[in-house]
Structures are given as structure tokens and as C-alpha cells.
Amino acid sequence: MPKIDKDEIGVAFDMAGCPNRCRHCWLGIGNNRTLSETDVRWGVTQFREFIQDVDTPIRTLAVSTHFREPDFRDNYRDLYDLEVELGDGKPKRFELLSLWRVARDKNYLPWAKSVGPDTCQITFFGMQETTDWFCRRSGAFADALTATERLLDLGMKPRWQVFLTTKLLSELDDLLALQDKITGSYDEFKIFLNLPGPDGEAEKIEELRPTIDQISALPVSLLEKSRKHIGESVLWRTEGELYSSILSSPDAVETMPEQLWFFVCSNWDVFSNIGTLEPWWCLGNLKKDSVKTIIRRFENNEVPGLKVLCHHSPSSLVEEFGNSTGRKIYSGRECLLSLYRETLCRRDWHQK
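Just so it is clear, the structure is predicted and the values come from calculations on it, not from any experiment. (Residues numbered from 1 in each chain as written. Predicted model: local features only at pLDDT ≥ 70, side-chain atom pairs only at ≥ 80, totals over all residues. Heavy atoms only, no water.)

### Comments concerning the pairing of strand β2 (residues 60-64)
Most of β2 is tucked away, with four of its five residues classed as buried. The sheet contact formed by strand β1 (residues 8-13) and β2 spans five bridges and is parallel. Residue isoleucine 9 lies in a different strand from β2, and its bridge partner there is leucine 61. In this fold, the crossover linking β1 to β2 by way of helix α1 (residues 37-53) has right-handed handedness. (Buried < 20%, exposed > 50% of the residue type's maximum accessible area, 1.4 Å probe, protein only. Helix = DSSP H or I, 4+ residues; strand = E, 2+ residues; numbered from the N terminus. Pairing = 2+ DSSP bridges. Right-handed = clockwise from strand over helix to strand, strands pointing away.)

Rendered as C-alpha cells:
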């Protein structure tokens, strides 16, 4: 990776895990082992000392007490205050809430609205059985419906993210009819289709990725809403199309994400938000390695995942793993390349 040239980075701690074990999650399956407030304070101190002691452009630090389900712990208000205390600026909430908590804690949504934002993304994979199967939790579908209704009742904005897999295709009409029944009179409601990424836990459901032929009958209005939300005129391409495109275009230079975060797991292993939480992306352990060492490994590509990302050209990955006639659809070049990178990393990791 290039040297970090940002004046802000983020550090997020997995304090409570997640109620779900979603089959599409790029973060993989975590445990619900907890970190304490004392743990988080200590971890933030390590990053603060790095910023102060090392010649770096980093000047500010965003702090989060989760990187899986937000607000999953009962003391979520206290943890928000902790983020305010330890971080620089207002905590970055994004547009995610704990649907598990929305369905169980009547005081949660009014508080969440007060700290913002007023939009919450809610994920569906199909109807009840399918959504619960993807989340690996009975009741996940019911919680999502309850959350939708409670958000609307409070004047907040639900946004349904519907993941496009072969399991969805036969249930999409029923799901859209249900959506219209619940939200039809609310102009602020939004819905869009998304494809699962092919990495993390989602590597295991690649067989559920649809082909271009299987999605020919998707509703035009839903496709238009999806294009508007994502901001792309082309939502997906086949592996074959991307295969040809990658081989015919110059290999891209890897750049930093717009917001760079470091994830601290409950066992103190540290990852960045580039790549997954598979072992070949691990930058070190905060109890054993200094932040200076962890950042050096990140910038110098000293872990297997970053070595593949920065030193294996897209064309070489396509030539080794690609299918020039593949009909399955992907959201774009990087989506497909992440599948090839994870395939290479997993193979090499298990051959060590």
C-alpha cells in the first residue's frame, strides 16, 4: 500500500460481536467474546501514542466500539459517550442500527434518531425462511419488518437492501408485495438490489450467485431504483465480460479507501478495512505488537493478503482463476478480483 497520507484514521473495537452469523458477511463469523471499557481505553491510547510519537500526517482519530452490529450491548448510550470522549469529532454512525435492538428496546430508536442519522438500512434475502437462513438466526426476518414499521412510525427513513441470489428469485414478487403493503404510502422509503461480495463468509455461497440469464425478468422499476441508489448505470456484469475488460485495461494501482479503519478483534488481532478478517490479512496483535509495527506491516505489504493485493496484477489473477465464458454476475472489476485474490490467498495459506 502507499504510505498513509490521510490526516484521520479510525480504530474500531469488537466489544460485543453480533446477534447474527450472516452468510454474506465480508467480516466472517465472529464470536461474542467481549472487550471492556478499560480494554478500549488502553487500545485507543496505543494509537494516540503512535500519532504523537511518529512522523505521520495522521492528526485525528475516529473511535468506534463496534464494527459488526452497532449498539448490540445494553449500555449502548454509555458506549456512544465513550466514543465521543475518546475520538476526535462526532462518532461516525453511518446508516446502520441494531435491528435486533429496535425490535426489543422501545427506548432505542428515539435515542438513535437524536444522535443521527435518521436513515437505517435493513437487509433482506427473501421471505422469512430465506432471510432467517442467511442470517443464521430465527426471527431475523420478523425483526427487520418490525424495525421498518417502527422507523416509519417515528419519522425515520428505512432503506431496504435486498440481496440478489438464486434463493431470492422465486420470492421477490412476494417480498415486493409485502414492502408495498407496509411502506407504500411513504415517499421517504427506499429499496434497492445488491449483490453479495464474494469474500469473507460469502465465499461459501458463490453457488447462489445468479447468472445473467436468470435475472432477465427482474422488475424494471426496481432496477431503476437500484441504479439511482448505487449511482451506476450498469449494476453488474458477467465474469466473462469482466475477464475481457481486465485483460484489455492497464493494471490499476492500489489506493487507500476514502476512510481508513483498523479493526481490533476481541482477541486483539488487528486488521484494516482493506481485505477481510481471514488470517492472511492480519496485521498483528495489539497485545504483542506496537501500532508502529502494525502500520509498517500495512504500508509495506508485509502480510500475505496485502502482498497479493499489491504485487499480483489483476491480469495475472484473471489468467490463473478467471473463466472467459462465465455467466455469473458481479458488481464490477474489484468485486470479481477480490474473489480471485481470496482464492489465491486461501490456497497459499493452506499450502504453507
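Next comes the rest of the description.
### Quick word on the layout of surface pockets
In this approach a probe as big as a water molecule rolls over the atoms, and the regions it shows empty are the leftover space. Volume-wise, the second largest pocket comes out at about 350 Å³. For the second largest pocket, the lining is made up of 21 residues, of which Leu27, Ile29, Gly30, Arg68 and Leu277 are closest to its centre. When the residues that make up the lining of the second largest pocket are grouped by side-chain class, the tally is six nonpolar, seven polar and eight charged. (1 Å grid on protein atoms, 1.4 Å probe; cavity = no way out; pocket = protein on both sides within 12 Å on 5 of 7 lines; lining within 4 Å. Points joined across faces, edges and corners; volume = space filled by probe spheres on them. Nonpolar A, V, L, I, M, F, W, Y, C, P; charged D, E, K, R; others polar.)

### Section: the sheet that holds strand β8 (residues 269-272)
An order of β2-β1-β7-β8-β9 is seen for the five strands of this open sheet, with the pairing classed as mixed. The two strands at the open ends of the sheet, each matched to only one other strand, are β2 and β9 (284-285). For strand β7 (residues 261-264) and β8, the ladder comprises three bridges, and the chain directions are antiparallel. Paired with valine 264 across the bridge in β8 is valine 270.

### Focus on the sheet that holds strand β4 (residues 157-163)
Strand order across the open sheet formed by three strands is β3-β4-β5, with parallel pairing between neighbours. The sheet is open, and its two borders are formed by β3 (119-124) and β5 (190-194), each paired with just one other strand. Strand-to-strand, the axes of this sheet are offset by a mean angle of 25°, without reference to chain direction. Across five bridges, β4 lies against β5 in parallel orientation. Looking across to β5, one finds that tryptophan 160 is bridged to isoleucine 191. Relative to β3, helix α6 (residues 140-153) is tilted by about 155°, and along the sheet it contacts β3 and β4. (Axes fitted to C-alpha atoms, helices over the stretch in contact; angles between N-to-C directions. Contact = heavy atoms within 4.5 Å.)

### Here's the deal with the environment of isoleucine 215
Take isoleucine 215: it is sitting in the loop between β5 and α9 (220-230). Residue isoleucine 215 is classed as buried on the basis of its relative accessible area of 8%. For the pair formed by isoleucine 215 and arginine 341, sequence separation is 126 residues and the distance between their alpha carbons is 26 Å. Aside from chain neighbours lying at most four places away, what touches isoleucine 215 is Leu164, Leu169, Pro210, Trp236 and Ile329.

### A closer look at empty space enclosed by the protein
With the rule as written, the count across this model stands at three cavities of 30 Å³ or more. Put simply, the largest cavity is a space of about 130 Å³. Size it by volume and the second largest cavity reaches roughly 50 Å³. Along the walls of the second largest cavity sit Leu164, Thr165, Leu195, Pro196, Gly197, Ala202, Ile205, Glu206, Leu208, Arg209 and Pro210, which together make up its complete lining. Here the residues of the lining of the second largest cavity sort into seven nonpolar, two polar and two charged.

### Observations concerning helix α5 (residues 128-135)
Along α5, the residues that are buried comprise Thr130, Thr131, Asp132, Phe134 and Cys135. Buried residues belonging to α5 abut β3, α6 and α7 (166-169). Positive backbone phi, approximately 55°, marks arginine 136, located one or two places after α5.

### Comments concerning unusual backbone geometry
Residue proline 117 follows glycine 116 across a cis peptide bond; omega there is -5°. In this fold, proline 117 is placed in the loop between α4 (108-115) and β3. The phi dihedral of arginine 136 is positive, around 55°, even though this residue is not glycine. Assignment of secondary structure puts arginine 136 in the loop between α5 and α6. Under the relative-accessibility criterion, arginine 136 is labelled partly exposed at 33%.

### Some words on the nonpolar core
Taken as a class, soluble globular proteins show a tendency for nonpolar side chains to be buried jointly. Counting 70 residues, the largest nonpolar core has Ile4, Phe13, Phe47, Phe262, Phe298 and Leu306 as the members making the most contacts within it. Those residues in contact with phenylalanine 13 that sit more than four places away from it in its chain are Leu35, Val40, Gly43, Val44, Ser64, Thr65, His66, Phe67, Val264 and Trp268. Grouped together as the second largest cluster of nonpolar side chains are 39 residues, Val115, Ile122, Val162 and Phe189 included. (Core = buried A, V, L, I, M, F, W, Y, C linked by side-chain atoms within 4.5 Å.)

### Points about the pattern of salt bridges
Across all of its chains, the model carries 24 salt bridges by this definition. Here arginine 159 makes a salt bridge to glutamate 95, at a shortest N to O gap of 2.7 Å. Here arginine 159 is found in strand β4, whereas its partner glutamate 95 is found in the loop between α2 (76-86) and α3 (99-102), with 64 residues between them in sequence. Looking at glutamate 95, the relative accessible area reads 31%, which means it is partly exposed. Salt-bridge contacts for arginine 347 lead to glutamate 320; the nearest nitrogen and oxygen are separated by 2.6 Å. Residue arginine 347 is located in helix α14 (residues 333-350), and its partner glutamate 320 is located in helix α13 (residues 314-321); the two are separated by 27 residues in the primary sequence. In this structure arginine 347 comes out as partly exposed when scored by relative accessible area, which is 34%. The network of salt bridges with shared partners includes Glu37, Arg41 and Glu85. (Salt bridge = Lys/Arg side-chain N within 4 Å of Asp/Glu carboxyl O.)

By themselves, these figures tell us nothing about what the structure is for.
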